[in-house]
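An overview of the molecular structure
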Amino acid sequence: MISLDDLRSSIDLYRGCVSFSLPLCSLMGGAGPQLDLALQYDGNVTHEATTWNMTAPTGVLGLGWSLPVERISVRFDHNTAPADQEIILTTSGGSTRLLQTGQVSTDVLSYATEDYRFWKIQRFLSTERWEITREDGVKYVYGDTRSRRSTVEYGVCWGNWIGSTSNLDTQQLIAVAWDLSQVIDLWDNTVTFRYAQVMAPVGGATGLSYTQAIYIDEIVGAAGDRAVFHRDNKTTNEYQDPHTTPPPPNAWQDRFETQFLDRIEVFSPTNELMYKVKFDFTDGQGNTVFLGTGQLTKRLLMGVKTQSPDALNDLPAVKFTYVTSNTDPAYGSIATVTTPAGGVNTYTYTANNDLDLCDRTKALAPPSGATYTQPRIWFEKDYVVVTWLGDNQ
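Please read these numbers as outputs of a predicted model, since none were measured by experiment.

1. Some words on the overall build of the chain
Secondary structure assignment for the chain yields one helix and 26 strands. The dimensions of the chain, computed from C-alpha atoms along their principal axes, are 90 × 60 × 50 Å. Split into buried and exposed, the 393 residues of the chain put 42% on the buried side. Contacts in the chain between residues at least 24 apart in sequence constitute 49% of all its contacts with a sequence separation of at least 6. Distance between charge centroids for the chain: 2 Å, based on 30 positive and 45 negative side chains.

2. What to know about the pattern of salt bridges
When charged atoms on two side chains of opposite charge get close, those side chains can pair. For the structure on display, the rule yields 22 salt bridges. R71 is paired through a salt bridge with E153; the nearest N and O atoms lie 2.9 Å apart. In this pair, R71 is assigned in strand β5 (residues 71–75) and E153 in strand β12 (residues 152–158), connecting sequence segments 82 residues apart. Judged by its relative accessible area of 0%, E153 falls in the buried class. D144 is the salt-bridge partner of R146, the closest N and O atoms lying 3.2 Å from each other. We classify D144 as buried; its relative accessible area is 7%. By sharing partners, the salt bridges in this structure join R129, E131, K139, D144 and R146 into a single network.

3. Concerning the environment of L186
Mapped onto the elements, L186 comes out in the loop between β13 (171–184) and β14 (190–201). Overall, the relative accessible area of 55% leaves L186 in the exposed class. Counting along the chain gives 82 residues from L186 to S268, while the straight-line C-alpha distance between them is 24 Å. Not counting the four nearest positions on each side in its chain, L186 is found in contact with D136 and G137.

4. Topic: the sheet that holds strand β1 (residues 11–12)
Spatially, the four strands line up as an open sheet ordered β1-β2-β3-β4, and their pairing is antiparallel. A strand with exactly one partner marks an edge of an open sheet, and here the two such strands are β1 and β4 (65–66).

5. With respect to the layout of surface pockets
A volume near 1400 Å³ is recorded for the largest pocket. What lines the largest pocket is a set of 47 residues, among which S66, L67, P68, V69 and E70 lie closest to the centre. Going through the elements one at a time, β3 (35–42), β4, β6 (86–91), β13, β14, β15 (209–220) and β16 (226–233) are the ones with two or more residues in the lining of the largest pocket. Considering only residue class, the lining of the largest pocket consists of 27 nonpolar, ten polar and ten charged.

6. Overview of the side chain of T51
Take T51: it is sitting in the loop between α1 (46–49) and β4. A distance of 2.5 Å separates the side chain of T51 from the backbone oxygen of H47, its partner in a polar contact. What T51 contacts, discounting residues up to four positions off in sequence, is A56, L296 and K298.

7. Some thoughts on a nonpolar patch on the surface
A cluster of nonpolar side chains, namely L364, I377, F379 and V384, defines an oily patch on the protein surface of about 410 Å² accessible area. Locating V384 in the fold gives a position in strand β26 (residues 384–390). On the basis of relative accessible area, V384 is assigned to the partly exposed category, the value being 41%.

8. Some details on the nonpolar core
Of all hydrophobic cores here, the largest spans 69 residues; its most connected members are F20, L24, L39, W65, F279, F320 and I334. When near neighbours in sequence (up to four residues on either side) are disregarded, L39 contacts F20, S21, L22, L24, L61, W65, S66, L67, F279, L301 and V304. Of all hydrophobic cores here, the second largest spans five residues; its members include V156, A200, V202 and Y210.

9. Topic: the packing of aromatic side chains
For the structure on display, the rule yields ten aromatic pairs. Judged by centre distance (5.7 Å) and plane angle (85 degrees), the ring pair of F20 and W65 falls under edge-to-face. With a gap of 45 residues between them, F20 in strand β2 (residues 17–27) and W65 in strand β4 connect regions that are remote in the sequence. Since its relative accessible area comes to 4%, W65 is described here as buried. Seen from their ring centres, Y111 and W130 are 4.8 Å apart, and the 55 degrees between their planes marks the pair as tilted. Linking Y111 in strand β8 (residues 108–113) with W130 in strand β10 (residues 129–133), this pair joins segments that are 19 residues apart in sequence. One aromatic cluster in this structure is built from F20, Y41, W65 and F320. Over the aromatic face of W119 sits the side chain of R134, whose NZ or CZ is 4.7 Å from the ring centroid. Over the face of the ring belonging to F260 we find R299, whose NZ or CZ atom lies 3.9 Å from the ring centre.

10. Quick notes on the pairing of β8
Among the six residues that make up β8, six are buried, leaving the element largely enclosed by the rest of the structure. Note: strand β7 (residues 94–103) against β8, five bridges, orientation antiparallel. Bridge pairing in β8 links G102 to S110. Pairing geometry for β8 and strand β9 (residues 120–124), over four bridges, is antiparallel.

Quick notes on the rules
Residues numbered from 1 in each chain as written. Predicted model: local features only at pLDDT ≥ 70, side-chain atom pairs only at ≥ 80, totals over all residues. Heavy atoms only, no water. Helix = DSSP H or I, 4+ residues; strand = E, 2+ residues; numbered from the N terminus. Buried < 20%, exposed > 50% of the residue type's maximum accessible area, 1.4 Å probe, protein only. Contact = heavy atoms within 4.5 Å. Lys, Arg positive; Asp, Glu negative; His and termini not counted. Charge placed at Lys NZ, Arg CZ, Asp CG, Glu CD. Salt bridge = Lys/Arg side-chain N within 4 Å of Asp/Glu carboxyl O. Pairing = 2+ DSSP bridges. 1 Å grid on protein atoms, 1.4 Å probe; cavity = no way out; pocket = protein on both sides within 12 Å on 5 of 7 lines; lining within 4 Å. Points joined across faces, edges and corners; volume = space filled by probe spheres on them. Nonpolar A, V, L, I, M, F, W, Y, C, P; charged D, E, K, R; others polar. Polar contact = N/O pair within 3.5 Å; in protein donor to acceptor, adjacent residues only side chain to side chain. Patch = residues over 30% accessible without salt bridge, like charges linked within 9 Å, V, L, I, M, F, W, Y side chains within 5 Å. Areas by Shrake-Rupley, 256 points an atom, 1.4 Å probe, with all protein chains shown as cover. Core = buried A, V, L, I, M, F, W, Y, C linked by side-chain atoms within 4.5 Å. Phe/Tyr/Trp six-rings, centres within 6.5 Å; stacked < 30°, edge-to-face > 60°. Lys NZ or Arg CZ within 6 Å of the ring centre and 35° of its normal.

Encoded structure:
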């Protein structure tokens, strides 16, 4: 899974925090595209660890951990008109805006990334399908209502307005995200993604339903091997519904996750279980490990283990410990990583020391020769203008 050599570069020198990937499994794909699944750890967690779960809940893998999956999402400022939508593409290389560049037909729009990559990007309106063909000719498909694999996430709107209301009249569904559906190479070898959505009605039991949460459910490789994701329920302290008065279903479209990822099972093309990847959140005695209490309860991932079907060829687990003292400046951050080979990588943290170079304050004094009051300030990109009213004017 991971070695001490892999962790040599795990410090983000720009932010001064720990960041690394943990490989989980691969779907080989034969002659088609290979899919490598990996967890991502981001140690910039102190704010999240000290913020209640209504605004900063942990994901399906606990504090600091994520399983990145590509998607396209849209941001609304209460207005769903196309000109006011901000569309974001999230990939393993980061996030960028998608900007419309033309109209191929009444049903097909063309887009480009804001940082302009040499990709062909098309949006098919009638099927909520996006196709992005990258430089190597591999096509990434997002969304698509025809897939029947829950690849489109929905909100509820009223005309061109989206927000919170119990009005059931004129409700309409609108796509708010398009999750990665397929990866197709030049020879039509395809990796396919399936999701599970939690839907909740808006405005009342008979209202249209929005996507409250989405979880990856299954990935099928190009050769027919499969990775199946199994989840379990979080404790009620790990998430908070921001609006419970009146009780749901109500006017709000809040998104939150109530499940965590328990294990991944990998099957061969002949449907034979090859191995499992088990996520351990316990202290070794069966007790789930949490950081904080009450509305600050954060689940901690304590280990990841690859298990064979007969348990005879199990690999040793990767194990983790964390900074649990709430007076420590790195509260919630990872403290040690123990590799399957038995090596231990230890992280030591110190408080930030402010540098003079980072001082963003500047004192501006009025000119001499009079008494000046009523300063007015204008900010521009690389300069500031200040005027005062003098008693000699």
